[in-house]
Amino acid sequence: MPVSAQQLAEELEIFGLDCEQAVIEKLVELCILHGQNEEEMAGELVAFISTHGVNLTSETLNSFEHEFLSKRSSKARHSASKDSGHAGARDIVSIQELIEVEEEEETLLNSYTTPSKGSQKRAITTPETPLTKRTVSARSPHQLLSPSSFSPSATPSQKYNSRNNRGEVVTFFGLAQGVSWSGRGGAGNITLKVLGCPEPLTKSYKSMFQKLSDIREVLTCKMEELGSELKEHYKIEAFTPIQVPAQEPVTLLGQIGCDSNGKLNNKSVILEGDREHSSGAQIPVDLSELKEYSLFPGQVVIMEGINTTGRKLVATKLYEGVPLPFHQPTEEDGDFEQKMVLVACGPYTTSDSITYDPLLDLVTIINHDRPDVCILFGPFLDAKHEQVENCLLTSPFEDVFKQCLRTIIEGTRSSGSRLVFVPSLRDVHHEPVYPQPPFSYADLSREDKERVQFVSEPCSLSINGAIFGLTSTDLLFHMGAEEISSSSGTSDRFSRILKHILTQRSYYPLYPPQEDLAIDYENFYAYAQLPVTPDVFISPSELRYFVKDILGCICVNPGRLTKGQVGGTFGRLYLRRQPVGEEGRRSPCVAVQVVRI
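Since the structure is predicted, the reported quantities are computational estimates derived from the model, not experimental observations.

1. What to know about empty space enclosed by the protein
Thinking step 1. Tallied over the entire structure, the rule returns four cavities of 30 Å³ or more.
Thinking step 2. Roughly 140 Å³ of internal volume is contained in the largest cavity.
Thinking step 3. As for the largest cavity, its lining consists of 15 residues, and the residues nearest its centre are Leu219, Lys222, Gly298, Pro509 and Phe524.
Thinking step 4. For the lining of the largest cavity, the elements supplying multiple residues, two or more each, are helix 8 (212-233) and helix 16 (521-527).
Thinking step 5. Of the residues forming the lining of the largest cavity, the biggest block, three residues, is contributed by helix 8.

Structure below.
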């Protein structure tokens, strides 16, 4: 029977509840999902609100669904499965409950019998040692990481523990040699601010529905904006339509594409024109006359060449992209004393173990070095981990993640370091959409709220006026697989890709994206663009660690904390921002090291 939103609103008005339309729509969804009619839902909701003493908001509905409706539905399914008398198709919730009931009954019987030697699998329960329902629920909420509580095979990694190169500096930049790496643990004046274009992403959004026309609109707007900037920079008079034949050299604006479903190569390049001048028309591009180029699908370019027939462009010149200006610090950005920043990227446990030993070692390093700011990238519970893929964990993913967070936050409390958490699309418990909203964690104490900050993926973060570009997506790997280039001299692929990111002014300029990356383009246009050229760009990758100066921006790949079954690397930086009003620009990043865990 269909659920009426109007009738549901009338039922709630009886109890004096005047709800917004969005709340009513959510309640209708819950009615359908949990098999409730309007009167039952209104009664249960009013009882829940009265019991907990809360107001009716979207957050309240989430708690209501989790604490009441889900339990009620699972109990109904459990009773139905018992009444059926046969082992039909059951969901994982009902199976888990059946296991719990059997364990409790077996343990209760064992408490009245003398266990045989070697068969005592569980502790005998007595009134002095009462039965605990589940190990997970018996944990103290302030207890540090206990892998045995969520994994039946929590054995340490032998390869990781037998490493002999811990603390080795593998690469560095600036005045990093002979420097004593220690901070003040956040004791100084530290100002953290998230930048946006114009606003940063702070909460979840609805995804999974976008029209092709909307995607086309975003790509067109991006093309026209960059084209306008380049046209003004290079003093170009006008762009020529792509399909208009011309005997003289012409200047075209467009986006690089591939003429097939395969990978881009120098014979398959097409230029897709903008809407204003070319109405989105496409033309094949002959690159034989270009001595140097670096191209990838989705790149916005200005090309000069010969287009005698209107059917093929022989490119003779490729205009260089232009990055955004750097941020100009102000008095509001705080002091310019030296600050230490530590950056690390997950996975935080090795692929053959779930004990999180590397994470605990990192917490020890943070407490020893007391960096002013720690930037920690996901994944914290990796979707590619063997025990996650094979469903071997006994606790929900969300609970394991919260244990990791609690370990980091409480474990580093003595250091006083400011913590910044960046999510990853490989975080199995989090929303797998790009741009990715920040983690939500409601269990922070008052003192921790001042030093812990959750940001989106990607994110532009100001640390006392020094701008950090942060992204956990492996765009170096994604773009490196698609880029084609030709150079007369030695050319570094990492440098080319990083230069593309800065000049395309986007955290993910590749289009179409890699297959396993789900991009919401409306929010991508709002939240995944560079507001300014960052002073430091942090892009962890599976590829080899590095530190590079690209167009005045210090680009760092700190690697991952673990690589398979062995330990990986993390990064540490010293910042010293130049005083306000000083002429010329000096990079605030004075030293960088990448170190083995």
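2. Brief notes about the sheet that holds strand 7 (residues 300-307)
Pairing between the strands of a sheet comes from backbone hydrogen bonds, and it takes one of two forms, parallel or antiparallel.
Thinking step 1. As summarised here, the arrangement of the five strands in space is 3-4-5-8-7, forming a closed barrel in which the pairing is mixed. Sheet twist, expressed as the average angle between the axes of neighbouring strands with direction ignored, equals 55°.
Thinking step 2. Across two bridges, strand 5 (residues 282-286) lies against strand 8 (residues 313-318) in parallel orientation. Across the sheet, residue Asp286 finds its bridge partner in strand 8, namely Val314.

3. Thoughts on the sheet that holds strand 17 (residues 546-550)
Thinking step 1. Read across the sheet, six strands follow the order 2-13-14-16-18-17 without closing on themselves; strand pairing throughout is mixed. What marks the edges here is a single partner per strand, and that holds for strand 2 (192-195) and strand 17. For this sheet the average axis-to-axis angle between neighbouring strands, irrespective of direction, equals 25°.
Thinking step 2. Alignment of strand 2 against strand 13 (residues 459-463), held across four bridges, turns out to be antiparallel. Considered in strand 13, the bridge of Val194 is made with Leu461.
Thinking step 3. Packed on one face of the sheet, helix 15 (residues 493-504) meets strand 16 (536-538), strand 17 and strand 18 (553-557) and runs near 50° to strand 17.

Cut-offs used in this document
The written sequence of each chain sets the order in which its residues are numbered from 1. Confidence filtering applies because this is a predicted model: local features only for residues at pLDDT of at least 70, side-chain atom pairs given and counted only at 80 or more, and all residues used for totals across whole chains, interfaces and linings. Values shown for side chains rest on all heavy atoms present in the structure; no hydrogens or waters enter the calculation. Cavities and pockets are defined on a 1 Å grid built over the protein atoms alone: a cavity is a set of grid points where a 1.4 Å probe fits but cannot escape, while a pocket is an open set with protein on both sides within 12 Å along at least five of seven lines, and lining residues are those with an atom within 4 Å of any such point. Grid points are joined across faces, edges and corners, and a volume is the space filled by probe spheres set on the points. Strands here are runs of E lasting at least two residues and helices are runs of H or I lasting at least four, both read from the DSSP assignment and numbered beginning at the N terminus. Here the rule is simple: two strands pair whenever DSSP picks up at least two bridges between them. Throughout, an axis means a line fitted to C-alpha atoms (over the contacting stretch in the case of helices), and angles, computed between N-to-C directions, take values from 0 to 180 degrees. The contact definition used throughout considers only heavy atoms, calling two residues in contact when any of these lie within 4.5 Å.

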